[in-house]
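# Summary of the model geometry
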Amino acid sequence: LPHEEFDIVYSCDVLEHIRGAKGVLNKLFACLKPEGVAILIFPDRDTVFGLSARVLPHWVHVGYHRYVLGAKDAGKPGFGPYPTFHDEVVSRRGIHEFCEANNLKFLFEYGRQPYFGKGAWFRIGYKFAAPIITTLSLGAISSSHIGLVCAIKKAPGTRDKHAQDLPALTPTS
């Protein structure tokens, strides 16, 4: 990506699928012009939803999409759900720490609410289990949201201290 070329970068539901998400964020902010804005949308790893994505085997996610949501190609090459890694930066706490360390300013942040599609019984189970999990985790795992929508501004004069050291990102099949 060209250095300081773009006014806006947008990433929606991608960061949780990348090992080394912090490196990708460094690249995204390096390509932003000073005062440019990044719109980042991702599931928060430190929520009940994120915890389930981290602890349940991938085949459970594929089965939910295939048999509950009716996505017959779920899990096949080119079709989600895709494996998740949920690096620590892919969390409310993690993204705030990243921004503080890199002189980036939050413009706004919204919590995303769960959507279960046709899975009504998942909705009922989630509403019952989520507060219990939050309580048992002593608040470390949140049930108030499943993900975040963030707008983050690159401050003028911010130097991209890591951008030149990162390997080029190449698409994989």
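Above: the structure in question.
As the structure is a prediction and not an experimental result, all values here were calculated from the model.

Moving on: the sheet that holds strand β2 (residues 32-43). Pairing is mixed in the open sheet, where four strands are placed in the order β1-β2-β4-β3. On the outer flanks of this sheet lie β1 (6-12) and β3 (104-112), each paired with one strand and no other. Within the sheet, the average angular offset between the axes of one strand and its neighbour, ignoring direction, is 10 degrees. On the sheet, helix α4 (residues 92-101) packs against β2, β3 and β4 (147-154) and is oriented at approximately 170 degrees with respect to β3.

Ranked by size, the top nonpolar core spans 22 residues in total, and within it Leu25, Phe29, Leu40, Phe42, Ile95, Phe98 and Ile152 carry the most contacts. When residues of this core are assigned to their parent elements, the largest contribution, five residues, is made by helix α1 (residues 21-30). Residues Tyr126, Ala130, Ile141 and Ile146 belong to the second largest nonpolar core, which totals five residues.

This part is about helix α3 (residues 58-68). Of all the positions in α3, only Val62, Gly63 and Tyr64 are classed as buried. Just downstream of α3 lies glycine 70, where phi reads positive at about 80 degrees.

Mapped onto the fold, serine 91 is located in the loop between α3 and α4. For serine 91, a relative accessible area of 0% corresponds to the buried category. Residue contacts for serine 91: discarding those within four places in its chain leaves Phe42, Asp44, Arg45, Asp46 and Leu148.

Turning to the pattern of salt bridges, a few remarks are in order. Side chains carrying opposite charge are able to pair once their charged atoms draw close together. Under the criterion given, the structure shown has eleven salt bridges. Two residues, aspartate 7 and lysine 33, come together in a salt bridge whose shortest N-O distance is 3.6 Å. Here lysine 33 lies in strand β2 and aspartate 7 lies in strand β1, a separation of 26 residues in the sequence. Its relative accessible area of 49% is what places aspartate 7 among the partly exposed residues. One salt bridge in this structure joins lysine 76 and aspartate 73, with 3.4 Å as the shortest N-O distance. A single salt-bridge network, built from bridges that share partners, covers Arg45, Asp46, Glu88, Arg93 and Glu97.

Taken as a whole and assessed by the stated rule, the structure comprises two aromatic pairs. Taking the centre distance of 6.0 Å and the plane angle of 40 degrees together, the rings of phenylalanine 29 and phenylalanine 98 count as tilted. Of the two residues, phenylalanine 29 sits in helix α1 while phenylalanine 98 sits in helix α4, which places them 69 residues apart along the sequence. For phenylalanine 29, a relative accessible area of 3% translates into the label buried. Residue phenylalanine 98 is classed as buried on the basis of its relative accessible area of 5%. A centroid spacing of 5.0 Å and a plane angle of 45 degrees characterise the contact between phenylalanine 108 and tyrosine 110, whose relative ring orientation is tilted.

What counts as what
Residues numbered from 1 in each chain as written. Predicted model: local features only at pLDDT ≥ 70, side-chain atom pairs only at ≥ 80, totals over all residues. Heavy atoms only, no water. Pairing = 2+ DSSP bridges. Helix = DSSP H or I, 4+ residues; strand = E, 2+ residues; numbered from the N terminus. Axes fitted to C-alpha atoms, helices over the stretch in contact; angles between N-to-C directions. Contact = heavy atoms within 4.5 Å. Core = buried A, V, L, I, M, F, W, Y, C linked by side-chain atoms within 4.5 Å. Buried < 20%, exposed > 50% of the residue type's maximum accessible area, 1.4 Å probe, protein only. Salt bridge = Lys/Arg side-chain N within 4 Å of Asp/Glu carboxyl O. Phe/Tyr/Trp six-rings, centres within 6.5 Å; stacked < 30°, edge-to-face > 60°.

Nothing here speaks to function; it is geometry throughout.
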